[in-house]
Amino acid sequence: MNLTILALITGLVAGGAFTLLKLPLPAPPTLPGVVGIIGIFLGAKIVEFLKF
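Residues numbered from 1 in each chain as written. Predicted model: local features only at pLDDT ≥ 70, side-chain atom pairs only at ≥ 80, totals over all residues. Heavy atoms only, no water.

A. How the structure looks around the overall build of the protein. Across its full length, the protein holds 2 helices and 0 strands. Relative to its length of 52 residues, the protein is extended, with a C-alpha radius of gyration of 15 Å against a globular reference of 10 Å. Taking the principal axes of its C-alpha atoms as reference, the protein extends roughly 45 × 25 × 15 Å. A total of 52 residues make up the protein; the buried ones form 0% of that total. Surface summary for the protein: the accessible area is close to 4800 Å², and the carbon and sulfur share equals 81%. (Helix = DSSP H or I, 4+ residues; strand = E, 2+ residues; numbered from the N terminus. Rg over C-alpha atoms; globule rule 2.2 N^0.38 Å. Buried < 20%, exposed > 50% of the residue type's maximum accessible area, 1.4 Å probe, protein only. Areas by Shrake-Rupley, 256 points an atom, 1.4 Å probe, with all protein chains shown as cover.)

Here it is, written out as structure tokens:
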């Protein structure tokens, strides 16, 4: 859980820094993009669980 909180804080700081520097965000700008990344993660975990 600590790693998750640290990752969230790091993301918030990075997002703020990119915005202040007027740089494009290095993340998908829409919800479908974020859902796609979650899908990639879940697909990898399913394969690991099924041990193909």
